[in-house]
Amino acid sequence: MNLETLFAEVKTLLQSFTLMHWAIIGGVLLLLFVVLPLASSRRRKKRRDKVAPKLMLEAFQVSPLGRDAFLKIKNNGESATFTSLFVKGRRDIVFKNAFAGHQLDKGKTYSILLETASQEKITHNFIVELTYFDQMRNVYRQTFDLSKNTTRQPKLVQAGR
């Protein structure tokens, strides 16, 4: 069978299709390209939510002299591995303990020692932004607003495997 005869047979087959045939083909294509990817993305989201860490601001305590402070974060979800920490609103805050690569297990608390590098005292006027990933390598970014003593919901920055 050569290519010309194959094209001729396909052409006659397509000409013989009725409106019902085209509706069935359209329905199958819609199912393949729209509905199935949506269903699989929901399954991925459910699986991601199962292994997601749930970090909460447990405490923020400033020392009596105001030169250093403790930030305590508790993980109520699955384990997380920290990658970076950033302070918004203050440029003179430094972190005294090693942070990147530290794993925070389920139900554990992690304390971060903050110290000011200037003469200004530490107050509750800044936001700490934390980046971490879970067991499936989903990368999250979460902020802790120390002025309001609140934990914001984590945002998925990069989906893992």
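What comes next concerns the included structure. (Residues numbered from 1 in each chain as written. Predicted model: local features only at pLDDT ≥ 70, side-chain atom pairs only at ≥ 80, totals over all residues. Heavy atoms only, no water.)

## Quick word on the overall build of the protein chain
Thought 1: When helices and strands are tallied, the protein chain shows 2 helices and 10 strands.
Thought 2: Listing each helix as α and each strand as β along the protein chain from the N terminus yields α-α-β-β-β-β-β-β-β-β-β-β.
Thought 3: Over its C-alpha atoms the protein chain spans a radius of gyration of 27 Å, topping by over 25% the 15 Å that the globule rule assigns to 161 residues.
Thought 4: Each of the three principal axes of the protein chain carries a C-alpha extent, and together these read 90 × 30 × 30 Å.
Thought 5: For the protein chain, the residues scored as buried account for 30% of the 161 residues in total.
Thought 6: For the protein chain, restricting intrachain contacts to residue pairs at least 6 apart in sequence, the fraction spanning at least 24 positions comes to 53%.
Thought 7: When the accessible surface of the protein chain is summed, it comes to about 10,800 Å², and 59% of that surface belongs to carbon and sulfur atoms. (Helix = DSSP H or I, 4+ residues; strand = E, 2+ residues; numbered from the N terminus. Rg over C-alpha atoms; globule rule 2.2 N^0.38 Å. Buried < 20%, exposed > 50% of the residue type's maximum accessible area, 1.4 Å probe, protein only. Contact = heavy atoms within 4.5 Å. Areas by Shrake-Rupley, 256 points an atom, 1.4 Å probe, with all protein chains shown as cover.)

## A look at unusual backbone geometry
Thought 1: The backbone of Arg137 sits at a positive phi, close to 65°, despite the residue not being glycine.
Thought 2: Summarising the element assignment, Arg137 is placed in the loop between strand 7 (127-133) and strand 8 (139-145).
Thought 3: Accessibility expressed as a relative area gives 46% for Arg137, which makes it partly exposed.
Thought 4: The phi torsion at Asn149 lies on the positive side, around 55°, for a residue other than glycine.
Thought 5: Position of Asn149 relative to the elements: it lies in the loop between strand 8 and strand 9 (150-151).

## Topic: the nonpolar core
Thought 1: Counting 25 residues, the largest nonpolar core has Leu55, Phe60, Leu71, Phe82, Ile112, Phe126 and Leu130 as its most contacted members.
Thought 2: If one sorts the elements of this core by residue count, strand 3 (residues 80-88) sits on top with 4 residues.
Thought 3: Sequence-distant contacts of Leu130, that is, excluding residues within four places in its chain, are made with Leu55, Ile73, Phe82, Ser84, Leu85, Phe99, Tyr140, Arg141, Gln142 and Phe144. (Core = buried A, V, L, I, M, F, W, Y, C linked by side-chain atoms within 4.5 Å.)

## Some points on the packing of aromatic side chains
Thought 1: In this structure the tally under the stated criterion is 4 aromatic pairs.
Thought 2: Pairing Phe60 with Phe126 gives two aromatic rings, centres 5.9 Å apart and planes at 85°, and the pair type is edge-to-face. Of the two residues, Phe60 sits in strand 1 (residues 55-62) while Phe126 sits in the loop between strand 6 (109-116) and strand 7, which places them 66 residues apart along the sequence.
Thought 3: Given the relative accessible area of 11%, Phe60 is considered buried.
Thought 4: Note on Phe126: relative accessible area 2%, which makes it buried. (Phe/Tyr/Trp six-rings, centres within 6.5 Å; stacked < 30°, edge-to-face > 60°.)

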